[in-house]
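Fold and contact review
What follows is the residue order along each chain.
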Amino acid sequence: MSVHDLEKHFQDTIDAEIKIEPLDWMPDAYRKTNIRQISQHAHSEIVGMLPEGNWISRAPSLKRKAILLAKVQDEAGHGLYLYSACETLGTSREETINDLHSGRAKYSSIFNYPTLTWADIGTVGWLVDGAAIMNQVMLTRTSYGPYARAMVRICKEESFHQRQGFESLLVLSKGSEAQRTMCQDAINRWWWPALMMFGPRDSESTNSDQSMKWKIKRKTNDELRQQFVDMCVEQVKLLGMTLPDPNLKWNEETKHYDFGEIDWNEFWQVVKGNGPCNLERLQARKKAWEEGAWVREAAAAHAAKKQKRADANAA
Amino acid sequence: MKSYIRRFFYGDIPGQETGGAPAPQGPKNDWPLWEVFIRSKQGLDHKHVGSLHATDAQMAIENARDVYTRRQEGVSIWVVKSQDIHASRPEESGELYDPAADKIYRHPTFYDLPDEINHM
Amino acid sequence: MKATLDYILHLADNALILGQRNAEWCGHGPVLEQDIAISNISLDLIGQARSFYQYAAELKGNGTTEDDLAYLRDERQFRNILLVEQPKGDWAFTTLRQFLFSSYQQLLFQKLTTHDDERLAAISEKTLKEVNYHVRWSSEWVIRLGDGTEESRSRILSALASIWTYTGEMFMPESFETASGIVVTDLETAWKEKIKTSFAEANIDAPENTFMRSGGKKGIHSEHLGFILAEMQYLQRSYPGCEW
């Protein structure tokens with residue numbers, strides 16, 4: 001078959017809603033796009049452990065401490081599932097991680113914002129995990145099989161994350177004056193960054209068209225963002241709190257909520273590395289990786305010695 | 001000139017015949033990759049759930065326990081080194097699987113029997 | 001014979017403080033799989049602490065809760081041993097401490113499963129399964145690091161040299177133990193035997209004639225505990241009487 005035929009067969013497979021599996025022929029660009037997207041997603045899970053992990057030692061009750069630790073540990077698991085999916089495309093985990101550390105690979109900008117109070121933890125669960133879930137539910141139907149399967153597993157676990165976040169805000173919203181203030185403040189700080197998580201407007205997104213055609217992505221950035229806004233407007237009422245956008249209002253014509261303009265300058269600044277915590281996050285990841293090097297080497301060396309001894313005994 | 005040799009993490013298939021770009025050839029210090037299979041309860045088959053890195057089989061089982069059974073998903077774990085899995089090739093699917101398509105007489109629904117005979 | 005409140009608190013404090021220490025690894029582990037493993041152990045320990053605090057809260061009565069006991073007691077009231085409050089150190093220190101402590105817990109909980117205090121026996125039985133896994137996981141790491149590379153070997157040896165002085169306290173009887181019918185001195189020989197097997201595989205020797213530090217059981221701690229509590233308790237202290 002010529003490359004042209006292969007490409008046609010490939011697109012026909014996708015159009016027929018049949019998944020692409022690791023050994024199937026795929027266009028270079030499809031492989032690259034998937035590697036880029038899956039690894040970005042994996043990095044986001046791993047870097048995302050940091051802002052929330054900061055609060056494990058300070059969680060205000062034993063129950064909250066256990067929940068938060070289990071949650072952050074889940075993120076590690078999600079990162080692992082995704083690195084595994086990425087490995088089926090032929091890049092090793094080490095290579096993928098090196099790309100993160102060298103700055104070549106990106107992760108979700110949201111994790112470059114600081115978690116300043118306890119209410120941030122609930123808010124991250126509600127808004128950040130909530131926004132992530134919209135994307136992730138869509139991705140359970142993505143065209144690359146291993147990615148889709150990883151997302152199914154992740155989505156099952158992720159709904160616990162969003163629920164625990166909202167529930168923890170619910171407790172704050174029924175608490176003391178100080179707790180309610182803390183809660184509103186956290187929502188105010190996280191609302192706009194959460195909206196930015198869906199990425200640039202469709203008109204400015206460079207990767208969208210091809211990704212839609214290949215069914216890597218199945219909804220556009222703007223569609224998902226709108227869905228998220230509509231959902232949060234209802235949920236925030238249950239908290240008795242408000243969203244920090246004076247332009248939020250129901251549009252009878254579109255049957256959606258209109259909302260104000262995102263500060264795209266801030267968005268691009270954070271993407272470029274000028275967010276409040278870009279440096280700290282990357283440094284923390286590099287430090288863990290570098291300080292773990294001797295541990296990884298030692299374990300490998302021990303396994304090799306053990307194997308050698310077993311072989312010698314067998315001989 | 002591109003060299004079409006890829007590292008495969010499942011199986012031992014030569015690179016020339018399956019498509020796509022050569023995998024980037026970076027340093028390779030990762031612990032070996034293992035495929036994990038879990039029996040979710042007694043009476044069911046082990047099912048592939050994903051992969052992970054470990055230095056040996058014992059560590060792979062323990063890592064699988066921590067990574068893939070945090071929510072009581074399993075009662076038994078198998079691990080296999082990914083490089084030890086041999087896979088059929090997608091291009092062979094025509095000769096391997098299509099010949100079964102016209103043997104409809106292998107399926108019970110092929111046979112019309114009188115209604116009086118239940119459960120056969 | 002029923003266990004005393006102080007004894008239950010001692011068991012709870014040990015588990016909580018080590019759980020808190022191990023949780024510092026979450027997001028910072030040497031490899032993803034082991035990041036998850038150490039977090040699991042930390043979760044088990046926090047779970048143990050909760051079971052013991054809940055029991056202690058019932059013994060105390062007057063509407064006391066598990067969180068009152070964990071968050072509203074001061075340094076001098078904590079009854080954990082010095083071993084568990086030491087900083088997490090490197091991976092060698094963390095896994096070695098886990099091994100030494102879990103091996104002790106294993107022997108202790110084996111005994112406690114037949115204690116007259118049924119509640120204590122029940123918690124110990126549940127906990128023992130977790131502890132058995134902790135012993136397995138941590139002993140494998142001690143062996144790996146002892147046998148692995150020159151660097152890992154020198155790190156496990158230096159961890160051993162600095163940690164050993166805190167191991168004696170586990171076997172120094174305190175009044176709340178005696179009053180609860182627990183003879184910790186009985187555990188020492190079995191513990192030494194137990195760790196010797198793994199140490200032999202790791203090709204390391206337990207130090208001898210080391211001065212043994214103590215005080216934790218009496219509430220005389222190292223300076224580290226104050227910082228752990230300051231961080232852990234700050235929200236409960238800053239906003240008294242709130243639900244979280």
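A quick note: this is a predicted structure, and the numbers were derived from the prediction, not measured.

About the cut-offs
- Residues numbered from 1 in each chain as written.
- Chains lettered and ligands numbered in written order.
- Predicted model: local features only at pLDDT ≥ 70, side-chain atom pairs only at ≥ 80, totals over all residues.
- Heavy atoms only, no water.
- Pairing = 2+ DSSP bridges.
- Helix = DSSP H or I, 4+ residues; strand = E, 2+ residues; numbered from the N terminus.
- Axes fitted to C-alpha atoms, helices over the stretch in contact; angles between N-to-C directions.
- Buried < 20%, exposed > 50% of the residue type's maximum accessible area, 1.4 Å probe, protein only.
- Expected span 1.5 Å × (residues − 1).
- Bend = angle between axes of the 7 residues up to and from the residue.
- Disulfide = S-S within 2.5 Å.
- Contact = heavy atoms within 4.5 Å.
- Buried area = accessible area lost by both parts, 1.4 Å probe.
- Salt bridge = Lys/Arg side-chain N within 4 Å of Asp/Glu carboxyl O.
- Polar contact = N/O pair within 3.5 Å; in protein donor to acceptor, adjacent residues only side chain to side chain.
- Nonpolar A, V, L, I, M, F, W, Y, C, P; charged D, E, K, R; others polar.
- 1 Å grid on protein atoms, 1.4 Å probe; cavity = no way out; pocket = protein on both sides within 12 Å on 5 of 7 lines; lining within 4 Å.
- Points joined across faces, edges and corners; volume = space filled by probe spheres on them.
- pLDDT = per-residue confidence, 0-100.
- Parallel < 35°, antiparallel > 145°, perpendicular 65-115°, else oblique.
- Left-handed = near helix turned anticlockwise from the far one by under 90°.
- Phe/Tyr/Trp six-rings, centres within 6.5 Å; stacked < 30°, edge-to-face > 60°.
- Lys NZ or Arg CZ within 6 Å of the ring centre and 35° of its normal.

Residue and element names in this part refer to chain B. The three strands lie next to each other as β2-β1-β3, forming an open sheet whose pairing is antiparallel. In this open sheet, the two strands that pair with only one neighbour each are β2 (46-53) and β3 (76-81). With direction set aside, neighbouring strand axes in the sheet form an average angle of 30°. Relative to β2, strand β1 (residues 33-39) runs antiparallel, the two being bridged by seven bridges. Residue pairing across strands places Leu 33 opposite His 53, the latter belonging to β2.

Residues and elements named next belong to chain B. Counting buried residues in β1 gives six out of seven residues, a clear majority hidden from the surface. Where β1 folds back onto β2 in an antiparallel hairpin, the turn is made up of six residues, including Gly 43, whose phi is positive at roughly 100°. Judged from the six bridges that link them, β1 and β3 form a sheet pairing that is antiparallel. Its bridge partner being in β3, Val 36 is matched across the sheet by Val 79.

Here helix α8 (residues 177-196) of chain A contains 20 residues, and its C-alpha end-to-end distance of 30 Å stays within 8% of the 28 Å for a straight helix at 1.5 Å per residue. At A:Trp190, α8(A) shows its strongest bend, of approximately 35°, with the proline A:Pro193 following within four residues.

Per the counting criterion, the structure on display carries zero disulfides over all chains. The cysteine A:Cys277 is free of any disulfide, with C:Cys26 supplying the nearest cysteine sulfur at 17 Å.

Here we take up the environment of B:Ala54. Residues and elements named next belong to chain B. By secondary structure assignment, the location of Ala 54 is in the loop between β2 and α1 (57-68). When its relative accessible area of 0% is taken as the criterion, Ala 54 is described as buried. Taking the C-alpha atoms as reference points, Ala 54 and Ile 38, 16 residues apart in sequence, are found 17 Å from one another. What Ala 54 contacts, discounting residues up to four positions off in sequence, is Trp 31, Pro 32, Trp 34, Met 59, Ala 60 and Asn 63.

Moving on to the interface of chain C and chain B. Taken together, the contact pairs 12 residues of chain C with 12 residues of chain B. Together chain C and chain B conceal approximately 1,100 Å² of surface at their shared face, both sides included; 49% is due to carbon and sulfur atoms. Taken together, the links from chain C to chain B amount to one salt bridge. A salt bridge links B:Glu62 to C:Arg136; the shortest N-O distance between them is 2.8 Å. In this structure, the connection of chain C to chain B is made through five residue pairs in polar contact (both at pLDDT 80 or more). Among the elements of the structure, α2 (32-60) and α6 (118-147) of chain C are those that each provide at least two residues to the side of chain C that touches chain B. Among the elements that line the side of chain C that touches chain B, the one with the most residues is α6(C), at six residues. Per-class residue counts for the side of chain C that touches chain B are six nonpolar, two polar and four charged.

Turning our eyes to something else, we now look at empty space enclosed by the protein. Summed over the entire model, instances satisfying the criterion amount to seven cavities of 30 Å³ or more. Computed from the structure, the largest cavity encloses a volume of approximately 100 Å³. What lines the largest cavity is A:Ile46, A:Tyr83, A:Arg93, A:Ile97, A:Leu100, A:His101, A:Arg285, A:Trp289, C:Gly29, C:Pro30, C:Val31 and C:Leu32. Breaking the lining of the largest cavity down by element, the ones donating at least two residues are α5 (93-101) and α12 (278-291) of chain A.

Residue and element names in this part refer to chain B. For chain B, per-residue confidence averages 80 on the pLDDT scale, and residues scoring 70 or more make up 77% of the total. This model gives residues 1-9 a pLDDT under 50, and the stretch forms 35 contacts once residues within four places in sequence are excluded. Contacts for the low-pLDDT stretch residues 11-25, under 50 throughout, to residues beyond four places or in other chains number 50 contacts.

Attention shifts here to the packing of α1(B) against α6(C). Contact pair α1(B) / α6(C): the axes reach a minimum separation of 12 Å and the direction vectors enclose 135°. In terms of orientation, α1(B) and α6(C) fall into the oblique class. Once α1(B) is placed against α6(C), the crossing between them reads as left-handed. Two secondary-structure elements touch here, α1(B) through B:Gln58, B:Met59, B:Glu62, B:Arg65 and B:Asp66 and α6(C) through C:Tyr133, C:Arg136, C:Trp137, C:Glu140, C:Trp141 and C:Arg144. When its residues are assigned to classes, the contact of α1(B) with α6(C) shows four nonpolar, one polar and six charged.

So, on to the interface of chain C and chain A. Contacts between the two partners involve 46 residues from chain C, matched on the other side by 47 residues from chain A. Each partner contributes to the roughly 3,900 Å² buried at the junction of chain C and chain A, and carbon and sulfur atoms together form 68% of this total. Sorting the residues of chain C by area buried against chain A places C:Leu32, C:Asp147 and C:Trp244 first, and these three jointly supply 18% of that buried surface. We note a salt bridge from A:Arg309 to C:Asp147, for which the minimum N-O separation is 3.2 Å.

Here we take up the side chain of B:Arg70. Relative to the helices and strands, B:Arg70 is located in the loop between α1 and β3. Side chain to side chain, B:Arg70 and A:Asp74 meet in a polar contact 2.7 Å long. If we skip the residues at most four places from it in the chain, B:Arg70 touches A:Gln73, A:Asp74, A:Gly77, A:Tyr81, A:Glu157, B:Arg65 and C:Asn40.

Describing an aromatic ring pair means giving the distance of the ring centres and the angle of the ring planes. Tallied over the entire structure, the rule returns 26 aromatic pairs over all chains. Between the aromatic rings of A:Phe10 and A:Trp214, the centroid separation amounts to 6.3 Å while the plane-to-plane angle is 85°, which identifies the pairing as edge-to-face. Of this pair, A:Phe10 sits in helix α1 (residues 3-15) while A:Trp214 is found in the loop between α9 (208-213) and α10 (221-239), placing the two residues 204 residues apart along the sequence. For A:Phe10, a relative accessible area of 3% corresponds to the buried category. The class of A:Trp214 is buried, set by a relative accessible area of 7%. Between A:Tyr30 and A:Trp214, the ring centres sit 5.5 Å apart and the planes meet at 85°, which makes this aromatic pair edge-to-face. Within this pair, whereas A:Tyr30 is found in helix α2 (residues 28-47), its partner A:Trp214 is found in the loop between α9 and α10, the two being separated by 184 residues in sequence. Side by side, A:Tyr30 and A:Trp214 carry an identical accessibility label, which is buried. By way of ring pairs, the aromatic residues C:Phe101, C:Tyr104, C:Trp164, C:Phe171 and C:Trp191 are connected into one cluster. For the cation-ring pair, A:Arg296 lies above A:Trp289, with the distance from its terminal atom to the ring centre recorded as 3.5 Å.

Glancing now at the packing of α6(C) against helix α7 (residues 150-163) of chain C. Residues and elements named next belong to chain C. Close contact between α6 and α7 brings their axes to 6 Å; oriented N to C, the two are set at 125°. Taken together, the axis directions place α6 and α7 in an arrangement best described as oblique. Here Val 142, Arg 144, Leu 145 and Gly 146 of α6 lie close against α7, whose contacting residues are Ser 152, Arg 153 and Ile 156. Of the residues assigned to the contact of α6 with α7, the class counts are three nonpolar, two polar and two charged.

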